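Spelled out from the first residue to the last, the chains are:
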Amino acid sequence: SVVPLHIADQLKRTIDQNEALVPPSPGCRHATSTSSFRNVTLTPHGEVSILFADIKGFTQLSASIPPNRLMQFLNNLFSRFDDLVQCGSCYRIKTLGDCYICVSGLPEPNSQHADNCVRLGLRMVTETQCLAEESEMDISIRIGVHSGCLITGVLGQLK
């Protein structure tokens, strides 16, 4: 996923400042290195909206067409979504399989966050219909939007 530069810089500074080495347990004969524990950097954000989009019936679709055709379709669809996101005051967070996730109101607050996501979702439906016709596939998407406050952060030990 892509993390905004200012959040990545803040996270790196926090990790560098707070990194502490913990010696291996005396009872563990197989310990060959120390463990590194990191503090979690969490950032609260005011009102934002998150859009989730996924392809209806994707599991059945993926079983019915060759993998290369499926990947070409997803790449084409997500590239079109990326173009829409850039024009709509939203920021793509991640894709996971057939799921496309983006946010409005981050990294900069935007009072129109919910409207931005709803308008983007409608454009995504239209774009998906166009691509479905072009590729002669029976495809539709589901869109969900959630609005509210949230906390961002990176969890886990691996960078």
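Nothing here was measured: the structure is a model prediction, and the numbers come from that model. (Residues numbered from 1 in each chain as written. Predicted model: local features only at pLDDT ≥ 70, side-chain atom pairs only at ≥ 80, totals over all residues. Heavy atoms only, no water.)

Time to look at the overall build of the chain. Helix and strand content of the chain: four helices and six strands. When its helices and strands are written in sequence order, the chain yields α-β-β-β-α-α-β-β-α-β. Of all 159 residues assigned to the chain, the portion counted as buried reaches 33%. Here the chain displays about 10400 Å² of accessible surface, and carbon together with sulfur accounts for 55% of that area. (Helix = DSSP H or I, 4+ residues; strand = E, 2+ residues; numbered from the N terminus. Buried < 20%, exposed > 50% of the residue type's maximum accessible area, 1.4 Å probe, protein only. Areas by Shrake-Rupley, 256 points an atom, 1.4 Å probe, with all protein chains shown as cover.)

Further remarks concern the pattern of salt bridges. Here the structure, examined in full by the defined rule, presents five salt bridges. When the shortest N-O distance is used, the salt bridge between Arg142 and Asp54 registers 2.8 Å. One end of the pair, Arg142, is in strand 6 (residues 141-153); the other, Asp54, is in strand 3 (residues 42-55), and 88 residues separate them in sequence. For Arg80, the salt bridge is made with Glu134, and the minimal N-O distance between the two is 2.6 Å. Of this pair, Arg80 sits in helix 3 (residues 67-87) while Glu134 sits in helix 4 (residues 113-134), and the two are 54 residues apart along the sequence. Of the residues examined, Arg80 reaches a relative accessible area of 17% and is grouped as buried. (Salt bridge = Lys/Arg side-chain N within 4 Å of Asp/Glu carboxyl O.)

On to helix 4. The terminal C-alpha atoms of helix 4 lie 31 Å apart, and with 22 residues this matches the ideal 32 Å at 1.5 Å per residue to within 8%. Turning to helix 4, its buried residues are His113, Asn116, Cys117, Leu120, Gly121, Met124, Thr128, Leu131 and Ala132. Along the axis of helix 4, the buried residues cluster in a sector spanning 130°; they form a single face. The exposed set on the far side of helix 4, more than 90 degrees from its buried face, consists of Leu122 and Glu133. (Expected span 1.5 Å × (residues − 1). Arc of directions from axis to C-beta.)

As a rule of thumb, soluble globular proteins bury nonpolar side chains together. Ranked by size, the top nonpolar core spans 25 residues in total, and within it Ile55, Phe81, Tyr100, Leu120 and Met124 carry the most contacts. Taken together, the elements giving at least two residues each to this core come down to strand 3, helix 2 (58-64), helix 3, strand 5 (99-104) and helix 4. Tallying contributions element by element places helix 3 first for this core, with eight residues. Excluding its chain neighbours within four sequence positions, the residues that come into contact with Tyr100 are Leu51, Phe52, Ala53, Phe78, Phe81, Asp82, Val85, Arg92, Lys94, Thr95 and Met124. Cys99, Ile101, Val103 and Leu150 belong to the second-largest nonpolar core, a separate cluster that totals seven residues. (Core = buried A, V, L, I, M, F, W, Y, C linked by side-chain atoms within 4.5 Å. Contact = heavy atoms within 4.5 Å.)

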